[in-house]
Amino acid sequence: MRNAQAIYNEQRLHPRYSIATPCTIRIGNFSYLFGSIQSISRGGAFINTQTRYPRTSIQISTTLLFQASVCNEGYDIEINCKVVRITDSGIRVAFDVTGTVILHQFIDKLESFG
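Predicted, not measured: the structure shown is a model, and the values here were computed from it.

As a further point, take the confidence of the model for the protein. Mean pLDDT for the protein: 78, with 79% of residues reaching 70 or above. Model confidence for the protein, summarised as mean pLDDT per element, is weakest for helix α1 (residues 4-10) at 46 and strongest for strand β3 (residues 44-49) at 91. Counting interchain partners and residues more than four positions distant, the pLDDT-below-50 stretch residues 1-8 has four contacts.

Where burial is concerned, most of β3 is hidden: five out of the six residues are buried. The hairpin turn running from strand β2 (residues 31-40) into β3, its antiparallel successor, is three residues long. Pairing of β3 with strand β6 (residues 90-95), which is carried by four bridges, proceeds in the antiparallel orientation. Its bridge partner being in β6, F46 is matched across the sheet by R92.

So, about the side chain of S39. Positionally, S39 belongs in strand β2. Look past the residues within four positions of S39 in its chain and what remains in contact with it is R16, Y17, S18, I19, G44, A45 and F46.

To continue, consider the nonpolar core. Core analysis: the biggest nonpolar cluster contains 26 residues, and I37, I40, L64, F66, V93, F95 and F106 have the highest contact counts within it. Those elements that provide at least two residues to this core are β1 (17-27), β2, β3, β4 (60-70), β5 (73-87), β6 and α2 (101-113). The greatest single-element share of this core, amounting to six residues, is contributed by β5.

Here the focus is the environment of G90. Among the secondary structure elements, G90 is positioned in strand β6. Since its relative accessible area comes to 2%, G90 is described here as buried. Between the C-alpha atoms of G90 and I47, which are 43 residues apart in sequence, the distance is 5.5 Å.

Parameters and conventions
Residues numbered from 1 in each chain as written. Predicted model: local features only at pLDDT ≥ 70, side-chain atom pairs only at ≥ 80, totals over all residues. Heavy atoms only, no water. pLDDT = per-residue confidence, 0-100. Helix = DSSP H or I, 4+ residues; strand = E, 2+ residues; numbered from the N terminus. Contact = heavy atoms within 4.5 Å. Buried < 20%, exposed > 50% of the residue type's maximum accessible area, 1.4 Å probe, protein only. Pairing = 2+ DSSP bridges. Core = buried A, V, L, I, M, F, W, Y, C linked by side-chain atoms within 4.5 Å.

If you want it as structure tokens, here you go:
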């Protein structure tokens, strides 16, 4: 029998990449959460936060902002997303279906690097 993690990984549409980069989650015009992206894919990201929030699975529209570099190429990324889950270890976000060109360039670089 396969374990739950193996089944979960088989259901993913996009591979995840481990990164460690600071980020900001902007909710509305004036609310900000700060954390660090632990993993990212073309479909979303997992963000570790210092502050613990109530566990929930409600969807909140928001914007993820972060700067990262791969192979000395810098990227400033701002992408619309939804907070889809809050757990004890962080926040899971799903990116807007359309994404952004810069996000896809960043993921392309991660794929070619690793």
